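Spelled out, the chains give:
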Amino acid sequence: MTDKTTFDRIIQRERAARKEAERIMEDKSRELFDVNEKLVALNTNLEEEISKRTEKIKESESQLNILFNKHPFPIMVYNLADLRILAVNKTAVQKYGYSNSEFLRMTICDLHHKSDSKNVIKYVKSIGEKPKKNKTWTHIGAKGNTFEVITKGNSIDFQNLKARIVVIEDITEKKKLEEEKENQKRKYQDLIESSSDIIYRIKSNGAFTYVNPACIKLTGYSQKELLSMTFSDLVTPKYKKQVSSFYNFQLESKLNATYTEFPIHNKNGKEIWLGQNVETSGYNIDKGISFNATARDITDRKKLEKALQRSEEKYRSIIENMELGLVEVDPEGVIINAYPRFCSLTGYSVDELKGRKGADFLLDDKGREKYKPQLKDRKEGKGNVYEIQIIRKDGVKIWVLVSGAPFYDEYNRIKGSFGIHLDITEQKMLEVELKVARDKAEDSLKSKELFLANISHEIRTPLNAIIGITELMNKIAKDPQLLAQLKHVNHASSSLLSLINELLLLAKIEAQKEKIEPVTANLYSCLNQSFELLRNQTIGKGFDYSMELKIDKEAYYLFDPIKLGQVVQNLLSNAIKFTTNGYVDFKTEIFSSSFDSDVIQFVISDSGIGIPKTDIDSIFENFEQATNNSNGVFGGTGLGLPIVKKILDLMGGEISVFSNEGKTSFEFFLKLKKIKKNELETQAKKIVLDQKNFSGVKILVAEDNKVNQFLIESQMINLKADFTIVDNGLEALEYIKSNEVDLVLMDMRMPIMNGIKATEIIREDSKFSDLKIIGLTANADKANKDECYNVGMNDFLSKPYSFDQLHAILIKNLNPKLLSKNNDLSGSIENEVDHEDAFQKKLNSIFIKDSHIRILELKQSIINKDIETVKNICHAIRPSLSHLKQTGLIDLARTLEFEECDFFATTEMFVVHLETLIIRMQKLQ
Amino acid sequence: MKGIVFTELIEMIENEFSFKIADDIIQRSNLKSKGVYSSIGTYDHKEIFILVKELSDATGISSVQLFRVYGEHLFGRFKSHYPSFFENVSDPLSFLELVDSYIHKEVLKLYPDAQLPSFVPDRIAINHLKMTYSSQRGMSDFAHGLILGCFKNFGKRSEIEMEKISESEVVFNIKQLD
């Protein structure tokens, strides 16, 4: 059962629940109150907000009004139902020239040409059907002025009417500009479209954005196809990488314009070469960089280039196959390309050669000198062939024959030159061998001559003995039979001697060793002498021996008197030989004359046996003689006429022969240079006539050369000097010690003691301080003179010296007191000339005698290889040779003494010449 | 949990059993609220489990049975308290369909702090409704009772299968039999 406490608790709980409910209710009421308060406040705010917004609306309304009226474009509102204009802004009033009220009485059709009304109505009806394009209208103003407009409109409710508001834009000016722009664009477009060059535009990824018709035509692709392609699709696959890297480079380097050449394939797969200019056409953020390109079809040019290259290659390969080393160098000689054969020729690889100057390492100094002008020639476009020595890589030098020529690029500019090299080392070696062989052959010829000369000499010596002994026996023999036999021996040996001599002379001439030595000489006396020389051969013969010289006795000409004498003597000797009766006649006359020379005709005629017609053509050939007889009646060598002909050839003369029935005549002409009188005087110094008497003047001559001794002796006799001759310096020293001497003529080179040494010793002794010493030397150079003066000689005389020179130097150096004693002039020119003649003969005989010894000495020296003796002999003999005017021998002697030469060969030649000279002199003696 | 659930429970215990039992239960339950409930207040929902448990102990009737009976009872009370929810609704399944989408929303207007279970309906057929109950409070038996109350209120018979998916989620297969 329920007790009281239970109910109490229930009541308490109920109360508590009621109180809690009341508390919750109160909270809720309070919340409600608060919400109510907020609502009241919100209401108040709303009113304020409304009035604020109303203000704002008013404000924006007036702003809109301003916008409407001040809008730069005319704005109109019209009724869609009847097109009546409902409102316009002020701009419209100004633009159209109608007043606001005028507008309000108009429809929009009134703004158009009447003909346009239909279109206007149609247009308005279609509004809202579909979006409108901006249609251009022509509006007419109040004054009838028209302007192009476009309108933009919106449908609105206006004054409770369905209306449309339109903004009208005058595009008259804009349209004009656009038209102009369009024209301009079309003009350029036309240019581009009609261009025969390919013009296109690509994006940086290579995609085409424009192609011109030429591009379409060339590639064979349609415009649509091209615009879906990239540039690199066209490039020949092989070149793609190259071309793309080229344009990447342009992009990276920000180059504005470039040019390059590459091939493309057209739609048909044909290869076309393009020369392409590409310009960067500015940067656009949206589209990136794009390129404008113009390109030209250069296929034909490329073909030409290729053809050229192919033909070049063809020739190169031909040259290579011919084993000719081909190399190309630039104009400065730097190797551009070297071909295999050239590489193997030089031993260098292509890489070692390329880029280097060939001359720096392939040539030596001599080669470079030779190469320099070649390079210059190439620059001037000249080709050339030359031989040069090349140094191989292994250091071996080879000879090559180079054919060099410039080559040109397609614009005809010199690009460099190429050299074709042929290895001629073997030929060169062969050439050297040939030269050696030739020298050998020449040497053997020379030795043949020498042999001939030697043999002749060897024969001559015993022959001289035979002749001499025969003559000796002739004098003592009494038996007529023996005498007759001796006469035969004499005759035979003389013939033999003359044969040998002539053979020798002929050999000389043929070896061209014999020279014409023209000197100034009197032609008359030369010819007269020869004529007289042969007179004794006519003794006992019964014919007239006559001469007729129609030339000036005083005339001097430049000619070789010895050679001319030989010719005349030979011809006369022949004539005499073949003539038994009748005549032998020698005629000379001036055939023609010019201001500086005369042509002289020489005729030697006889009435001898004559020359058979069959032989007349060959008588000037060696070993041919008239009648070619075997009976030996006439003797002779048969060499006389050939010698004559050859000498005349050398002198520029020509000989001819006429023979008819026992009458023979030889005729030749010589053109001789005339020597005028004044020239003669300067050339040949006249003998000074104020000759002084040197008697009482004591002169010592120290001279080892016998010829010179004789020469000086005769000169001293002529000067009437009191003289003594000694052989060397030592003898001179001995002599002056015990004899009184005023002057010494001291030769510089003497055996035992030379003149220099002797002078030094003399000068050491003050006793001889007044003694005059004159040096004599063959070498008149400054060093010799200085040597003479240095050792204390007073003066100096170079050999050969003339009588005048000796005379002058004596007067110059001798004390005048010594001379004043003897003042009587003696002697005359006549005496002098006579004396000269005898003197010359004596001189010659001494020279001949002396020379025999010297020739032997020289020969011995050749065997012993004794250079020094040869040089001494040459030195000693030179003055005599000068005196005899033997220039050929003097040159040889000087060469031996001073110059470098094949010493013993030259010595041998000297001996031969000397022997020849001696033989000739003996003959004349 | 809204106070009305507690006040109606106490009232039901007082009427069906006795004031003594009601007071004993409250006394034994040692509740934070001390058993003082106002219909418009809000109290810890655990207290209802304690009270039902004590009642089950005192009467020997299972808690499941007690929750179902209480739910059936409470639905009748709702009808008298909130008759407007029943306007235009003529059958129990239609009413159940409206619980989540309409009635709970209306409840939240009155009690913004109310914590309500979700009751997702799925009309399988004209007389078959599948409802998924999910709530952290685990009061599916109470919900079962409310469904029974609904049918009782409309004077209809029902067949209800209860499928427990988890502690917090239960699916009811409800068939109206007439």
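Residues numbered from 1 in each chain as written. Chains lettered and ligands numbered in written order. Predicted model: local features only at pLDDT ≥ 70, side-chain atom pairs only at ≥ 80, totals over all residues. Heavy atoms only, no water.

**Some details on the overall build of chain A**
We count it as follows: Starting at the N terminus, helices and strands are each numbered in turn, a helix being any DSSP run of H or I of at least four residues and a strand any DSSP run of E of at least two. Note on exposure labels: buried denotes an accessible area under 20% of the residue type's maximum, exposed denotes more than 50%, and partly exposed covers the range between, all computed with a 1.4 Å probe on protein chains only. Should any heavy atoms of two residues lie within 4.5 Å, those residues are counted as being in contact. Note on areas: these come from Shrake-Rupley sampling with a 1.4 Å probe, and a residue is covered only by the protein chains present in the view.
Along the backbone of chain A there are 30 helices and 27 strands. Burial analysis of chain A (925 residues in total) assigns 41% to the buried set. Counted over contacts in chain A with a minimum sequence separation of 6, partners at least 24 positions apart contribute 57%. Per element, the accessible surface of chain A, about 54,100 Å² overall, is 54% carbon and sulfur.

**Overview of unusual backbone geometry**
Residue and element names in this part refer to chain A. The phi dihedral of Asn160 is positive, around 65°, even though this residue is not glycine. Tracing the sequence through the fold places Asn160 in the loop between β4 (146-158) and β5 (161-170). In this structure Asn160 comes out as exposed when scored by relative accessible area, which is 82%. Residue Ile752 is not a glycine yet carries a positive backbone phi of 70°. Within the secondary structure layout, Ile752 lies in the loop between β25 (743-747) and α23 (755-764).

**Concerning the domain arrangement of chain B**
All names here are of chain B. Threshold: Domains are outlined according to an automatic or database domain assignment. Take the accessible area each of two parts loses on contact, using a 1.4 Å probe, and add the two losses: that sum is the buried area. A pairing counts as a salt bridge when a side-chain nitrogen of Lys or Arg comes within 4 Å of a carboxyl oxygen of Asp or Glu. The term polar contact refers here to a pair of N or O atoms within 3.5 Å; inside protein, the definition further demands a hydrogen-donor-capable atom paired with an acceptor-capable atom, and it admits residues adjacent in sequence only when both atoms are side-chain atoms. Amino acids are sorted into nonpolar (Ala, Val, Leu, Ile, Met, Phe, Trp, Tyr, Cys and Pro), charged (Asp, Glu, Lys and Arg) and polar (every other residue, Gly among them).
The domains assigned to chain B are domain 1 (3-61) and domain 2 (89-176). Summarising the inter-unit geometry, the C-alpha centres of domain 1 and domain 2 are found 24 Å apart. Taken residue by residue, the interface counts 5 residues in domain 1 and 5 residues in domain 2. Surface buried jointly by domain 1 and domain 2 totals about 420 Å² across both partners, of which 68% is contributed by carbon and sulfur atoms. Between the two partners, domain 1 and domain 2, sit 0 salt bridges. Where domain 1 meets domain 2, there are 0 residue pairs in polar contact (both at pLDDT 80 or more). The residue inventory of the side of domain 1 that touches domain 2, partitioned by class, reads 3 nonpolar, 2 polar and no charged.

**A few points about the packing of helix α3 (residues 46-59) of chain B against helix α4 (residues 63-81) of chain B**
Residue and element names in this part refer to chain B. Defined as follows: Axis lines are fitted to C-alpha atoms, over the contacting stretch for helices. Their N-to-C directions set the angle, which ranges from 0 to 180 degrees. The hand of a helix crossing depends on one turn: near helix anticlockwise from the far one by less than a right angle means left-handed, and clockwise means right-handed.
Relative orientation of the contacting elements α3 and α4 amounts to 115°, with a least axis distance of 9 Å. α4 is crossed by α3, and the crossing has right-handed handedness. Judged by residue contacts, Ile48, Phe49, Val52, Lys53, Leu55 and Ser56 of α3 engage Ser63, Leu66, Phe67 and Tyr70 from α4. Residues belonging to the contact of α3 with α4 are distributed by class as follows: 7 nonpolar, 2 polar and 1 charged.

**Details of the pairing of strand β15 (residues 414-423) of chain A**
Residues and elements named next belong to chain A. We count it as follows: DSSP-based pairing: two strands are paired if at least 2 bridges between them are found.
Where strand β11 (residues 325-329) lies against β15, 5 bridges are found, and the strand directions are antiparallel. Each bridged residue has a counterpart across the sheet, and for Glu328 the counterpart in β15 is Phe418. Relative to β15, strand β14 (residues 397-408) is paired through 9 bridges, and the arrangement is antiparallel. Looking across to β15, one finds that Ala405 is bridged to Phe418.

**Things to note about the packing of aromatic side chains**
Note the threshold: Side-chain rings of Phe, Tyr and Trp (the six-membered ring for Trp) are treated as a pair once their centres are within 6.5 Å; stacked means planes under 30 degrees apart, edge-to-face means over 60, and tilted covers the remaining angles. To sit over a ring, a charge needs its Lys NZ or Arg CZ within 6 Å of the ring centre and within 35 degrees of the ring normal.
Overall, the coordinates contain 34 aromatic pairs over all chains when judged by the stated rule. A centroid spacing of 5.0 Å and a plane angle of 85° characterise the contact between Tyr37(B) and Tyr43(B), whose relative ring orientation is edge-to-face. An angle of 80° between the planes, with centres 6.2 Å apart, marks the rings of Phe85(B) and Tyr102(B) as edge-to-face. Remark: Tyr102(B) occurs in helix α5 (residues 92-110) and Phe85(B) occurs in the loop between α4 and α5; sequence separation between them is 17 residues. For Phe85(B), a relative accessible area of 13% translates into the label buried. Members of the aromatic cluster, each reached through a chain of ring pairs, are Tyr200(A), Phe208(A), Phe231(A), Phe246(A), Tyr247(A) and Phe262(A). Sitting above the plane of the Phe361(A) ring, Arg356(A) keeps its charged end 3.7 Å from the centroid. When the ring centre of Phe904(A) is taken as reference, the NZ or CZ atom of Lys865(A) above it lies at 4.7 Å.

**Looking at the pattern of salt bridges**
All names here are of chain A. By the definition in use, this model includes 47 salt bridges over all chains. Of the charged contacts, one joins Lys302 and Glu305 as a salt bridge, the two residues approaching to 3.5 Å between their closest N and O atoms. Separated by 3 residues within a single helix, Lys302 and Glu305 lie in helix α10 (residues 299-321), roughly one turn from each other. Comparing Lys302 with Glu305, the two get one shared label, buried. Measuring nitrogen to oxygen at the nearest pair gives 2.9 Å for the salt bridge that ties Glu532 to Arg535. The partly exposed category is assigned to Glu532, whose relative accessible area is 37%. Here the residues in one salt-bridge network are Glu261, Arg301, Lys302 and Glu305, joined through shared partners.

**Notes on the pairing of strand β3 (residues 136-140) of chain A**
Working note: regular strand, side chains alternate between the two faces of the sheet. Residues and elements named next belong to chain A. Sheet analysis places β3 next to β4, joined by 5 bridges and oriented antiparallel. Paired with Thr136 across the two strands is Ile150, which belongs to β4. Connecting β3 to the next strand, β4, in antiparallel fashion are 5 residues, including Gly144 with a positive phi near 80°.

**Some details on a nonpolar patch on the surface**
Rule in force here: Patch membership needs two things, relative accessible area over 30% and no salt bridge, and members are linked within 9 Å if like-charged or within 5 Å if nonpolar (Val, Leu, Ile, Met, Phe, Trp, Tyr).
Judged by side-chain polarity, Val35(A), Leu39(A), Leu42(A), Leu46(A) and Ile50(A) come together as a nonpolar surface patch covering roughly 480 Å² of accessible area. Residue placement: Leu39(A) occurs in helix α1 (residues 4-70).

**Quick word on the environment of Glu514(A)**
All names here are of chain A. With respect to the secondary-structure elements, Glu514 resides in the loop between α16 (480-510) and β16 (519-522). Taking the relative accessible area as the measure of exposure, Glu514 reaches 9% and is therefore buried. When the C-alpha positions of Glu514 and Thr138 are compared, they lie 127 Å apart, and in sequence the two are 376 residues distant.

**Digging into the environment of Lys757(A)**
Residues and elements named next belong to chain A. If you trace the backbone, Lys757 turns up in helix α23. Overall, Lys757 belongs to the partly exposed group, its relative accessible area being 43%. Residues Lys757 and Leu730, 27 residues apart in the sequence, show an inter-C-alpha distance of 9.1 Å.

**Considering a negative patch on the surface**
Residue and element names in this part refer to chain A. Rules: Only four residue types enter the charge count, namely Lys and Arg as positive and Asp and Glu as negative; His and the chain termini do not. A charge is said to be at NZ when it belongs to Lys, at CZ for Arg, at CG for Asp and at CD for Glu.
A surface patch of negative charge is lined by Glu760, Glu764, Asp765 and Glu787. Residue placement: Asp765 occurs in the loop between α23 and β26 (772-777). Residue class for Asp765 comes out partly exposed when judged on its relative accessible area of 32%.

**Description of the environment of Tyr133(B)**
Residue and element names in this part refer to chain B. By the element assignment, Tyr133 lies in strand β2 (residues 128-134). Residues Tyr133 and Phe172 lie 39 residues apart in sequence; the distance between their C-alpha atoms is 7.5 Å. Filtering out sequence-adjacent residues up to four positions away, Tyr133 remains in contact with Pro117, Ser118, Phe119, Gly138, Met139, Ser140, Ala143, Ser168, Glu169, Val170 and Phe172. Here the side chain of Tyr133 touches Ser135 through a polar contact of 3.5 Å, side chain to side chain.

**Details of helix α9 (residues 237-252) of chain A**
Residue and element names in this part refer to chain A. The test is simple: In this scheme, a helix's expected span is set at 1.5 Å multiplied by one less than its residue total. Summarising the geometry, the arc corresponds to the directions from the helix axis toward the C-beta atoms.
The first and last C-alpha atoms of α9 sit 23 Å apart over 16 residues, in line with the 22 Å expected at 1.5 Å per residue. Of all the residues in α9, the buried ones are Tyr239, Val243, Tyr247 and Gln250. One side of α9 carries all its buried residues, which in axial view fall inside an arc of 65°. Those residues of α9 that are exposed and angled more than 90 degrees off the buried face are Lys241 and Glu252.

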